[in-house]
Amino acid sequence: MAIDITDGVRSIGAAAVRQLLPARPRLLALGEPTHGEEALLHLRNDLFRQLVEEEGYRTITLETDCMAGLVVDDHVGSDGTGAAPGTGTGSGTGTAPGAGTLDEVMERGFSHGWGAFAANRELVRWMRAHNEGRPASERVRFAGFDGPLEITHAASPRQALTALHGYLAARVDADLLPCTAETLDRLLGTDDRWTEPAAMTDPTRSAGRSAEARELRLLADDLVSLLDAQAPYLITRTSREGLDRARLYGRTATGLLRYHHAMADPSPARVTRLCMLRDLMMARNLLALAARGPVLVHAHNSHLQREKSSMRMWQGPVEWWSAGALVSAELGEEYAFLATALGTIRHRGVDVPPAGTLEGLLYALPEDSCLLDTARLATALDGTPPAPRVSSWFGYAPFDAAHLAGSDGLVFVKDLPQGPAAV
């Protein structure tokens, strides 16, 4: 029997998203099933621009280093008068208000190679142009919500720890500080002991359980506690924005030290724990961003879905709760997730999906791209579960039809063209 899935098919845009959701969520997440495809990033840009202009979203956050993202935020935040969000507070990081060329910002403000993509460059250029001449309440902020992590290593906690210590040292009584800057420097040692690539697969090469790392975890906890205890005073000395940045330093420092500790774990749960800790860092950053207003999020589906995420690593399959699942548990209906599924990525060897799969059914639709109401799609599929699609390329994760109930909408792109090389 043929399955009619045409009910609830919409063109992709802010109006269609608005029709899907009962109210504007505080966090609206758009996922992608593969990384590095310019066409998906341009689709994101178009949708996010509409949502900013029509729905009042004021922060855009991407799956990139949260510390490096401060450089981008300072750049796009300028209103042409020398004022930028988060500056003038002595935060001690990022560029001067609005300073830095676009080339410099793309190089320094993104991790994972994202600064080389034309669509990300276009997004930063648009955000800065949008903000020019606007009051602070109408400007769009940028943020990274990933930790300072790469697939091969994790960053040294130096930048975050010293920024947090410096923020406090400039404003509170020295007797309240748990240590001096010199003590931190001695315990941190050289950065290459933290960024050793071999530590990702060999826990004995990690510094995460050294005596110095254990002491740094205690000191980081003490610094964060001091920051929280002095919050009423620190807001008057700087601003809410300055305190929020200092809290980002604290989350990053403690998260990195926790992650390095897990890298030194020789147990079979090691890789699962690393995946859990990364998404926990992501979730805490997302919740902090949501506290200041409505946020648009873009990342891989696996980091945003409500169901458990899974991946096959060198140690075997691992499962963990994603950042989206953690945030959804905290925010409830204030979190919404639009997943993305694809038909073909021919330049990656991913051809037309089999007819019996969910992507195969969607591929038969006349639209080149569309947004589907997942509740209506699930109803149309009732009693006829599609066969799972198996990707011929490891870099693409097909959408699991069992996840329809956990998604608020599904973006489908029929044929993903090969875009220009990242520049």
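Overview of the structure. These numbers were taken from a predicted model, which means no experiment stands behind them.

Re helix 5 (residues 118–131)
Every α-helix carries 3.6 residues per turn, so stepping three or four residues along brings you back to the same face. Taking 1.5 Å of rise per residue, the 14 residues of helix 5 would be expected to cover 20 Å, and the 20 Å separating its terminal C-alpha atoms lies within 8% of that figure. Structurally, helix 5 contributes buried residues whose contacts are with helix 2 (38–55), strand 3 (59–65), helix 3 (69–76), helix 4 (102–108) and strand 4 (141–146). Where helix 5 ends, the next residue or the one after it, G133, has phi of about 80°, a positive value.

Topic: the packing of aromatic side chains
One pass over the structure, following the stated rule, counts 3 aromatic pairs. Judged by centre distance (5.2 Å) and plane angle (50°), the rings of W114 and F117 are tilted. Residue classification places W114 among the buried positions, given a relative accessible area of 10%. The positively charged end of R171 is found above the aromatic ring belonging to Y167, 4.3 Å away from the centroid. The ring of Y363 carries the charged tip of K414 above its face, separated from the ring centre by 5.4 Å.

A short note on the nonpolar core
Among the nonpolar cores identified, the biggest contains 45 residues, and V17, L28, L51, I60, F110, M127 and L296 are the most heavily contacted of them. The element best represented in this core is helix 2, accounting for 7 residues. If we skip the residues at most four places from it in the chain, L28 touches V17, L21, L51, Y57, V295, L296, V297, A336 and L338. Grouped together as the second largest cluster of nonpolar side chains are 32 residues, L27, L304, L372 and F412 included.

Observations regarding the state of the cysteines
Overall, the coordinates contain 0 disulfides when judged by the stated rule. Counting only cysteine sulfurs, C66 is the nearest neighbor of C275, a cysteine outside any disulfide, at a range of 18 Å. Residue classification places C275 among the buried positions, given a relative accessible area of 11%.

A short note on unusual backbone geometry
Phi at H112 is positive, roughly 60°, even though this residue is not glycine. Counting through the fold element by element, H112 comes out in the loop between helix 4 and helix 5. Judged by relative accessible area, which is 30%, H112 ranks as partly exposed.

Topic: the pattern of salt bridges
A full pass over the atoms with the stated rule returns 24 salt bridges. Between R205 and E196 there is a salt bridge, and its shortest N-O distance comes to 3.4 Å. Judged by relative accessible area, R205 falls into the partly exposed class, the value being 43%. Among the salt bridges present, the one from R376 reaches D373, with a minimum N-O distance of 3.8 Å. Members of the salt-bridge network, linked through shared partners, are D73, D74, R141, E241 and R245.

What counts, and at which threshold
- Sequence order as written defines the numbering, with residues in each chain counted from 1.
- A pLDDT threshold of at least 70 governs which residues receive local features in this predicted model, and a stricter bar of 80 or more applies before side-chain atom pairs are shown or counted, although totals over entire chains, interfaces and linings include all residues.
- Hydrogen atoms and water are omitted, and side-chain values are computed over all heavy atoms in the structure.
- Per the convention used, a helix needs a DSSP run of H or I reaching at least four residues, while a strand needs a run of E reaching at least two, with both numbered from the N terminus.
- Helix span, expected: 1.5 Å multiplied by one less than the number of residues in the helix.
- By definition in these notes, contact holds between two residues if any of their heavy atoms fall within 4.5 Å.
- Stacked, edge-to-face and tilted are the three classes for Phe, Tyr and Trp ring pairs, Trp counted by its six-membered ring, which pair at centre distances within 6.5 Å; planes under 30 degrees apart are stacked, over 60 edge-to-face, the rest tilted.
- Only protein chains enter the calculation, and the probe is 1.4 Å; a residue is then buried if its accessible area is under 20% of its type maximum, exposed if over 50%, and partly exposed in between.
- Whether a charge sits over a ring depends on NZ of Lys or CZ of Arg being within 6 Å of the ring centre and within 35 degrees of the ring normal.
- Definition of nonpolar core: a set of buried residues of the types Ala, Val, Leu, Ile, Met, Phe, Trp, Tyr and Cys, connected through side-chain atoms within 4.5 Å.
- In this description, the term disulfide denotes a pair of cysteine sulfurs within 2.5 Å.
- What counts as a salt bridge is simple: a side-chain nitrogen of Lys or Arg found within 4 Å of a carboxyl oxygen of Asp or Glu.

Function cannot be inferred from these measures alone, as they are strictly geometric.
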